[in-house]
Amino acid sequence: MAPSVQGLAVTATAITTREPDAPTIVLPPPTVVPVPSRPPEQAVAVVGTAVAELAPTALSQATRLEIFTEVWRLIHEYYLYDDFGGVEWYTVRDEFEPVILAAPTDAAFYEAITRMVARLGDNHSRFVPPQAARREDAITSGREEQVGIGVIVLPLSDGLMIQHIFPDSPALQSGLRPRDRIVAIDGAFFSHGDLEGPDGSQVRLAVVRPGEESRDILITRRRVEGAITPTARLLPGGIAYLGITTLWVSNMDQQVTALLTEMVAEHDLRGVILDLRSNPGGWRTVLAGILSNFVSGEVGYFTNRQGDVPLVIEPGSLDALRGMPLIVLVDRSTASYAELMATILQSHAGAVIVGVPTSGNTETIYSYELSDGSRLWIAQEGFELPDGTNLEGVGVQPDVIVNEDWTRFREEDDPGILIALRLLNP
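Residues numbered from 1 in each chain as written. Predicted model: local features only at pLDDT ≥ 70, side-chain atom pairs only at ≥ 80, totals over all residues. Heavy atoms only, no water.

## Re the side chain of Glu363
In this fold, Glu363 is placed in the loop between strand E17 (352-355) and strand E18 (364-369). Classification of Glu363 as buried rests on a relative accessible area of 3%. In this structure Glu363 touches Leu80, Tyr81, His124, Ala379, Glu381 and Glu392, once residues within four positions along its chain are discounted. (Helix = DSSP H or I, 4+ residues; strand = E, 2+ residues; numbered from the N terminus. Buried < 20%, exposed > 50% of the residue type's maximum accessible area, 1.4 Å probe, protein only. Contact = heavy atoms within 4.5 Å.)

Set out below in structure tokens:
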């Protein structure tokens, strides 16, 4: 039997980055400040981690050894699992120390450190070289500056799906729209091309719009700056739709609250659709800020080797949304704090989850800044609901399964949105 919605009671049956309110741990040089977070691994194509792009820094052997030792020690002291997931961490140190000292270039050194951290095999912990760390910081600011066409894209198996188009950008002027898929760049498969390039240079794109044939577009690149923002619109029946592609932008919760406040003031809302599909997570403060519009109180707790830390949500100012029918859209790429958001709304706000099981990638990672500008992310906390439910490796289980790939549809034909509307407008 299909679920029915009466206040969304269904009859059938989770970053991030350095948090300003996180505790500071002072360690011997280099100084390290840990912060709960989740990296934007799937967020946008403008974030890169290729060590080959790093300019030579001529690190001394002493500096290399210092960085290597600090990375190994931080993981040894703070990693979530004291058995390191079955990895012999002392053996790993003995294996990699001669490798990093013999690395012929700094790029090879960073690559070796990256491989060492990857031995944990948890899909969370990772090492980020200096240049890639600076790119992460740019995304956190919510402002993206590029010499290109002015888009934020979601990399898929067969193309780059446009998520955001910056105002007054070459992409907007060329008629590109969100959900258009770039399948080729300058005649090559999209993964072998580059949307960015010299100011004034041209790039030819093969673009597929859902339901239409592929077409070629010639665009002149230029310097563009824009913001990563949520998407809000009023759907039939007084339903507010809010699309949130990332929690990585540090003020995303403020943007979401402002949009919801405006919609509540201007419309007689009967329900809310919160779209978290392909949202990779982000800041804990953003998670809490968005949740405060719908729930309050203790909603779960973070677990680590030192004990449990409750997640307490302070009530927000939008009382009108409390108890309002709520549907949350998720997919397999909904991860980390976006998964926590979905499961907390499901268990504490009666939200109906629509889509497919999420990624089950919910451990909180902490960011440690090293002396050379590189960054170490360590899986340091798990999360459990008050009843002990842990989503790691499992994911959020939808109340309503929608298997169709939403990225192949125009928004007006989106199967997830259409089912949500039917639930909210019976």
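There's plenty left to go through after this.
## Looking at the nonpolar core
By size, the foremost hydrophobic cluster in this structure holds 46 residues, and its most contacted members are Ile244, Leu274, Val328, Met341 and Leu345. Counting residues per element, this core draws most heavily on helix H8 (residues 337-348), at 6 residues. Here Val328 is in contact with Leu274, Leu276, Ala342, Leu345, Ala351, Val352, Ile353 and Val354, once residues within four sequence places are set aside. If you look at the next biggest cluster of nonpolar residues, it comprises 37 residues, including Phe68, Phe96, Leu120 and Ala379. (Core = buried A, V, L, I, M, F, W, Y, C linked by side-chain atoms within 4.5 Å.)

## Re unusual backbone geometry
The phi dihedral of Asp186 falls on the positive side, at around 55°, and the residue is not glycine. Tracing the chain through its elements places Asp186 in the loop between strand E6 (181-185) and strand E7 (188-189). Residue classification places Asp186 among the partly exposed positions, given a relative accessible area of 46%. One non-glycine residue, Ser278, lies in positive phi territory at about 60°. Taking the relative accessible area as the measure of exposure, Ser278 reaches 4% and is therefore buried.

## So, the environment of Val356
The topology assignment puts Val356 in the loop between E17 and E18. Taking relative accessible area as the criterion, Val356 reaches 5% and is therefore assigned buried. Beyond its immediate chain neighbours, meaning those up to four positions away, Val356 contacts Val330, Asp331, Arg332, Val396, Pro398, Val402 and Asn403.

## Description of the pattern of salt bridges
Scanning the model with the defined rule gives 20 salt bridges in all. A salt bridge links Asp168 to Arg222; its shortest N-O distance comes to 3.9 Å. Here the residue Asp168 occupies a position in the loop between strand E5 (159-165) and helix H5 (170-173), and Arg222 occupies one in strand E10 (residues 222-227), the gap between them amounting to 54 residues. Notably, a salt bridge pairs Asp405 with Arg408, separated by 3.4 Å at the nearest N-O pair. (Salt bridge = Lys/Arg side-chain N within 4 Å of Asp/Glu carboxyl O.)

Purely geometric numbers; function is a separate question.
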